[in-house]
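# Geometric and topological summary
Chain residues, written in single-letter form:
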Amino acid sequence: WDNADFSRGVGTTFYQEFSTLNTAKPPFVRDVEAKVQRYLRSSYSAAWTLKITWEKAPVYTARTDTRKTITYQAVLTTDGFRSYILMLYQDGGMQWDYTRLTSTNVLIGYS
């Protein structure tokens, strides 16, 4: 998922699962559905959604500098037939200096 280093005790990762097949949908899930509908211009009703948050995650080379962090989320959602992922980055939350990463072929996203 990332090149973060939590070994120094800096940063937090947490998740929240929403199983909404036969239950009322919380505002977060309704917002995810609205985003999928708006971006893809199709109807979508989530049966399951998972929100993963990396908060103030330091870059892999954290053993030398834990001040440069990133906060972002991955939201996985499915209706049982189609699945989507939303990658959400906090505005101004990317503090990693990508020019100093050990790998120079950095990608944001997934394939």
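Residues numbered from 1 in each chain as written. Predicted model: local features only at pLDDT ≥ 70, side-chain atom pairs only at ≥ 80, totals over all residues. Heavy atoms only, no water.

The name given to the chain in an unreviewed UniProt entry is MUC4 protein, and the organism recorded there is Horornis vulcanius.

It is worth spelling out the side chain of Asp79 at this point. Among the structural elements, Asp79 can be located in the loop between strand S3 (69–78) and strand S4 (83–89). At a separation of 2.8 Å, a polar atom in the side chain of Asp79 contacts the main-chain amide nitrogen of Phe81. Engagement of the side chain of Asp79 in a polar contact is seen with the backbone nitrogen of Arg82, the distance being 2.7 Å. Residues within four places of Asp79 in sequence aside, it is in contact with Tyr44, Ser45 and Ala47. (Helix = DSSP H or I, 4+ residues; strand = E, 2+ residues; numbered from the N terminus. Polar contact = N/O pair within 3.5 Å; in protein donor to acceptor, adjacent residues only side chain to side chain. Contact = heavy atoms within 4.5 Å.)

Another aspect to go through is the pairing of strand S2 (residues 48–58). By the criterion of burial, S2 is predominantly enclosed, with eight of the 11 residues buried. Here strand S1 (residues 12–19) runs beside S2; their pairing, made up of eight bridges, is antiparallel. Across the sheet, Tyr15 pairs through a bridge with Ile52, a residue of S2. Judged from the nine bridges that link them, S2 and S3 form a sheet pairing that is antiparallel. Within the sheet, the bridge partner assigned to Thr53 lies in S3 and is Gln73. (Buried < 20%, exposed > 50% of the residue type's maximum accessible area, 1.4 Å probe, protein only. Pairing = 2+ DSSP bridges.)

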